[in-house]
Number of protein chains: 2
Amino acid sequence: MGDAVSVRRRGRSGGGAARRAERTAIRVDVAPTIHRGIPTFDMHSDEALDIIEHNAETVLEEIGVNFVDNPAALALWRDAGADIRGERVHIPRGLSRKLCAMAPARFTQLARNPARSVEIGGDSLVLAPVYGPPFVRDIGGGRRYATLADFETFVKLAYLSPWLHHSGGTVCEPTDVPVNKRHLDMLFAHMTLSDKPFMGSVTEPSRAQDSVEMCEILFGAERMAQGPVMTSLINVNSPLTFDATMMGALEVYARAGQACIISPFIVGGAMAPVSVTGTLTQVLAEVLAGVAYSQLVKPGAPVIFGAFVTSIDMNSGAPTFGTPEAAQITYGAGQLARRLGLPYRSGGGFCGSKLPDAQAGYETANSLNAGLLAGVNFMLHACGWLEGGLVASFEKFVMDADQLGTLHKLAQGAPFDDNAQAMDALREVGPGGHFLGCDHTQNNYKQAFWRSDVFDCKPFETWAEEGARDTQALAAQRLSDLLARYEAPPLDPDIESQLRTYIERKKASMPDAFI
Amino acid sequence: MGDAVSVRRRGRSGGGAARRAERTAIRVDVAPTIHRGIPTFDMHSDEALDIIEHNAETVLEEIGVNFVDNPAALALWRDAGADIRGERVHIPRGLSRKLCAMAPARFTQLARNPARSVEIGGDSLVLAPVYGPPFVRDIGGGRRYATLADFETFVKLAYLSPWLHHSGGTVCEPTDVPVNKRHLDMLFAHMTLSDKPFMGSVTEPSRAQDSVEMCEILFGAERMAQGPVMTSLINVNSPLTFDATMMGALEVYARAGQACIISPFIVGGAMAPVSVTGTLTQVLAEVLAGVAYSQLVKPGAPVIFGAFVTSIDMNSGAPTFGTPEAAQITYGAGQLARRLGLPYRSGGGFCGSKLPDAQAGYETANSLNAGLLAGVNFMLHACGWLEGGLVASFEKFVMDADQLGTLHKLAQGAPFDDNAQAMDALREVGPGGHFLGCDHTQNNYKQAFWRSDVFDCKPFETWAEEGARDTQALAAQRLSDLLARYEAPPLDPDIESQLRTYIERKKASMPDAFI
């Protein structure tokens, strides 16, 4: 990992307790945000994209989008020049695009450890773990409902992974905590068990507000003013519907200067037309409307062009992952995002498999490769996703996180300076020779090849002697090795105490709710 | 499989036996050669490629290449203007490129079933199975030496796969047949158990000659004159060495009008410099020399720019697969092949895993995706490869072969005609609606999404009731389903009898050899 950085956090507070905490810091290497040295793969023709862009504006003007239970949103749209009929917003051609132009092309999300802040947009790629599964699976315990303890373990794993830039959000649903209180515990875990950037709650506007208030404690008002400290996931209720819950969270975040991903959530054939071009049209229409709305709420609010799209098995109605159609849409949405000048969120380690087996491997690698080459800037679900997102798998988390190293290496591009040209090696070795011992190899071998921390490449006999382990067993070993060396990054105890007080007060203020 | 074709073979002979054989034909659908509707991914800059091309010619001129034990080759090179010192051939800048220009940019390899002939070069992609493993593995029998019976099973599986265009060559080594005779049995299996195109023997020039003679029986002189009926694999003894065995086979094939792949065989860091740019330089130098030599032997001989390159684990010396460096080289060699105007062979379903598990899935999918987007025209090892090529896996063969369907679908590109734009569907469904029942979905759902014949996308409960099978178990089921419906494609019994007689005579003419 030649390009990794190691930074000891400098406490925001100068107190003695903070200094003591700092001295306990262990070194956790994290590779910086990926900056691509390679082009994107522009699969679709300009002719096709022109048509999609034209059709998306036709959809917005003729068909319109619904803003449900949200009179204030309708008023904003009306003032901006849209034609409102009931809850339906008809957006004249050109209006949404004009509003989208107010959003920044790139922004920096601050982390409490400044060395872990991430750039989102342009040639960058930020990797974040799986989001949302109600179940977890591991080799020992099988498939079961996720708990807060599972959640905390995933946050630790994300903190320990050298290839993950981001701690994510709902890495799994802590189902043992009431629905209306679990966001507090999830945020506390991200804030205290990791120093990487994270996501806020979106399940109620009030929970988004809690997220902002907890960040004010963690970061302080001064740092909060420097840029967004959360990037949160606002799903569109596809097709073409913006519900009050998600829009309420978006409004809270936009007004507080926090970043949001505006993300159509589409199982193709069900929530969008059964064609790639038709789906891309709908994705673009929904993003245009959602991003434009964010700019009506707060001009200049940082937002990301999102696209969560997969295909469907038309026989069973089950969603399918790692498919060619999903890749075609991922590539196309990336082209549309770049033409629109917005950061792009898509990709991820998607699979439909119930186990971290070969199917999971094929489907996940198909998805990760498409995400990288499609020019994704923010990759949610980059590791740990299993069973169509119903399950967060511990073993798959570390397998996927390991594979993310290949994205880092691929994205760098191949150097072609004198050293990389290796003419000295070719001259030294000559026909029939061997390169292992030559000077060029000795000088370069450590950084030459990406190396897996999970996979086995040993000879058959050695592998057999070591127990003939499959990938799941190798990953289980990696999992326990990683967790054994976990140590929380230092945090000013005063801040931790204020966060605990905030959470206790909030929890005491409302009865438990489990739906 | 909307684009599949089904053709009943028309016998070359008009005899009654041939007609009777024809009447037994079963329908085996095979998708035609892939013609890409999408661009290639040109990862490397023109500046880098210019340097590599310049350096490759420097290697050929200054360092030179060895043609070992091959005075006739040295004489051909001398006459062409090369500088010969011992067995070392120094090729003046420009000479190899001038000779390469005599090779065709694309050609058709004929199959005995004319509908299965394949185009190689340009925008085509031909998929062929694994080549060379001495071992096989399946879920019941584990890992063991391969036999002729295993070989025959793989030929049947390749025949039955809708996504494989090619029967390949040494799909595994039939180790129960003497080394000097097994090529006869392998060719007989390809000729009789399948009607797809195949590869000839390269392990001795005499065995290449036997391959040509058996093809003369199978195809007849008239059809042989129409174009190559074999594409055979000529590995370069990297670095920069062309041995007499491989060159002898190349000479036989080139003179008989048969196609060859000139393929550097490189584990990076061992047989080439430990850098992507240095390795690409060596690959290009070796291909330039090898292809140029084929044109000295027979101007216009059909040849393919080959590149088998992988990385190495610098700690253990073990080769590694599905790595970012292998992908970088696969992309780069494709760009170099296109600049040279030659068909390109690379890619494949490579992995280092010992089992068809998640590691195998990730590594294989990484390799297959890079192969497709790199513009590979002839993909050897597209399915069945396990354990660094030491093992041909039955289950992985059908998993990989299934995944090849995704390459077909991706390569087509996404249509964007009126039907694909789906504006009628968007208008019909509107905000908050559902697309499953709309007219557009009903008219298009059958062809809309690629569908796996192996993977499971059912709900968890159904999957659990059906035995909670992992991918290997699902593939074993697919394997037995496929083989249960195998029936040999019809062949004129006179031809089959002549082939048997030829083989018996050849086998009787020499003692068994096992090394």
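In this text the structure is predicted, and so the values were computed from the model without any measurement.

Visitor: What is the right way to look at the overall build of chain A in this model?
Guide: The secondary structure content of chain A amounts to 18 helices and 19 strands. Relative to its length of 515 residues, chain A is compact, with a C-alpha radius of gyration of 24 Å against a globular reference of 24 Å. Taking the contacts inside chain A whose residues are at least 6 apart along the sequence as the reference set, 76% of them involve residues at least 24 apart. Here chain A has roughly 16900 Å² of accessible surface; of this, 50% comes from carbon and sulfur atoms.

Visitor: Honestly, the pattern of salt bridges in this entry has me stumped. Any pointers?
Guide: Where charged atoms from two side chains of opposite charge come close, those side chains can pair. The tally for this structure, following the rule as stated, stands at 48 salt bridges over all chains. With a shortest N-O distance of 2.8 Å, A:Lys354 and B:Asp456 are connected by a salt bridge. In this pair, A:Lys354 is assigned in the loop between β16 (344-345) and α11 (358-373) and B:Asp456 in the loop between α15 (439-448) and α16 (460-465), connecting two distinct chains. On the accessibility criterion, B:Asp456 (6% relative accessible area) is buried. The network of salt bridges with common partners includes A:Asp46, A:Asp50, A:Glu53 and A:Arg339.

Visitor: What am I meant to see in the pairing of strand β14 (residues 308-312) of chain A here?
Guide: Residue and element names in this part refer to chain A. Burial of β14 is extensive: five of the five residues sit out of reach of the surface. One ladder, built from three bridges, connects strand β12 (residues 259-267) with β14; its direction is parallel. Among the inter-strand pairings, Ile-266 is bridged to a residue of β14, identified as Val-309. Bridge count for β14 against strand β15 (residues 319-320) is two bridges, and the pairing is antiparallel.

Visitor: How do you make sense of the relation of the copies chain A and chain B when you look at a structure like this?
Guide: Both copies of the chain are placed relative to one another by a rotation about an axis and a shift along it. With an RMSD of 0.0 Å, chain A superimposes on chain B once it is rotated by 180 degrees and translated 0.0 Å along the axis. As the rotation angle and translation indicate, the two copies are arranged about a two-fold axis. Most of the interface of chain A is mirrored in chain B, where 100% of its interface residues again form contacts.

Visitor: Honestly, the interface of chain A and chain B in this entry has me stumped. Any pointers?
Guide: Where interface size is given, it is often the accessible area lost as the parts come together that is meant. Residue-level contacts link 113 residues of chain A with 113 residues of chain B. Three residues, A:Tyr362, A:Pro431 and A:Phe449, lead the burial of chain A against chain B; their summed loss comes to 9% of the area buried on that side. The partner of B:Arg451 in a salt bridge is A:Asp313, and the shortest N-O contact between them spans 2.6 Å. Taken together, chain A and chain B are joined by 42 residue pairs in polar contact (both at pLDDT 80 or more). A total of 10 residues in the side of chain A that touches chain B trace back to one element, the largest contributor, which is α11(A). Taken together, the residues of the side of chain A that touches chain B break down into 55 nonpolar, 38 polar and 20 charged.

Visitor: Before we go on, may I ask you to explain helix α6 (residues 182-193) of chain A in this structure?
Guide: One full turn of an α-helix is made of 3.6 residues, so residues set three or four places apart face in the same direction. Residues and elements named next belong to chain A. Taking 1.5 Å of rise per residue, the 12 residues of α6 would be expected to cover 16 Å, and the 16 Å separating its terminal C-alpha atoms lies within 8% of that figure. Extensive coverage of α6 is indicated by the burial of 12 of its 12 residues. Listing the buried residues of α6 in full gives Arg-182, His-183, Leu-184, Asp-185, Met-186, Leu-187, Phe-188, Ala-189, His-190, Met-191, Thr-192 and Leu-193. The secondary structure elements touched by the buried residues of α6 are α5 (148-160), α7 (205-224) and α18 (493-508).

Visitor: Looking at this structure, how should I read the sheet that holds strand β11 (residues 241-242) of chain B?
Guide: Strand pairing in a sheet relies on backbone hydrogen bonds. The paired strands run either parallel or antiparallel. Residue and element names in this part refer to chain B. Pairing within the open sheet is mixed, and its four strands lie in the order β3-β4-β2-β11. Across the chains shown, the open sheet's two edge strands, defined by having one partner strand only, are β3 (83-85) and β11. Here strand β2 (residues 65-67) pairs with strand β4 (residues 88-90) via two bridges, running antiparallel. The residue of β4 that forms the bridge with Asn-66 is Arg-88. Helix-sheet contacts for helix α2 (residues 46-63) involve β2 and β4, and the interaxial angle to β4 is about 125 degrees.

Visitor: For this particular structure, what's the right way to read a negative patch on the surface?
Guide: A cluster of acidic residues, A:Asp417, A:Asp418, A:Asp424, A:Glu428 and A:Asp439, forms a negative patch on the protein surface. Secondary-structure assignment places A:Asp418 in helix α13 (residues 418-421).

About the criteria used
Residues numbered from 1 in each chain as written. Chains lettered and ligands numbered in written order. Predicted model: local features only at pLDDT ≥ 70, side-chain atom pairs only at ≥ 80, totals over all residues. Heavy atoms only, no water. Helix = DSSP H or I, 4+ residues; strand = E, 2+ residues; numbered from the N terminus. Rg over C-alpha atoms; globule rule 2.2 N^0.38 Å. Contact = heavy atoms within 4.5 Å. Areas by Shrake-Rupley, 256 points an atom, 1.4 Å probe, with all protein chains shown as cover. Salt bridge = Lys/Arg side-chain N within 4 Å of Asp/Glu carboxyl O. Buried < 20%, exposed > 50% of the residue type's maximum accessible area, 1.4 Å probe, protein only. Pairing = 2+ DSSP bridges. Least-squares fit on C-alpha atoms with pLDDT ≥ 70 in both. Buried area = accessible area lost by both parts, 1.4 Å probe. Polar contact = N/O pair within 3.5 Å; in protein donor to acceptor, adjacent residues only side chain to side chain. Nonpolar A, V, L, I, M, F, W, Y, C, P; charged D, E, K, R; others polar. Expected span 1.5 Å × (residues − 1). Axes fitted to C-alpha atoms, helices over the stretch in contact; angles between N-to-C directions. Patch = residues over 30% accessible without salt bridge, like charges linked within 9 Å, V, L, I, M, F, W, Y side chains within 5 Å. Lys, Arg positive; Asp, Glu negative; His and termini not counted. Charge placed at Lys NZ, Arg CZ, Asp CG, Glu CD.

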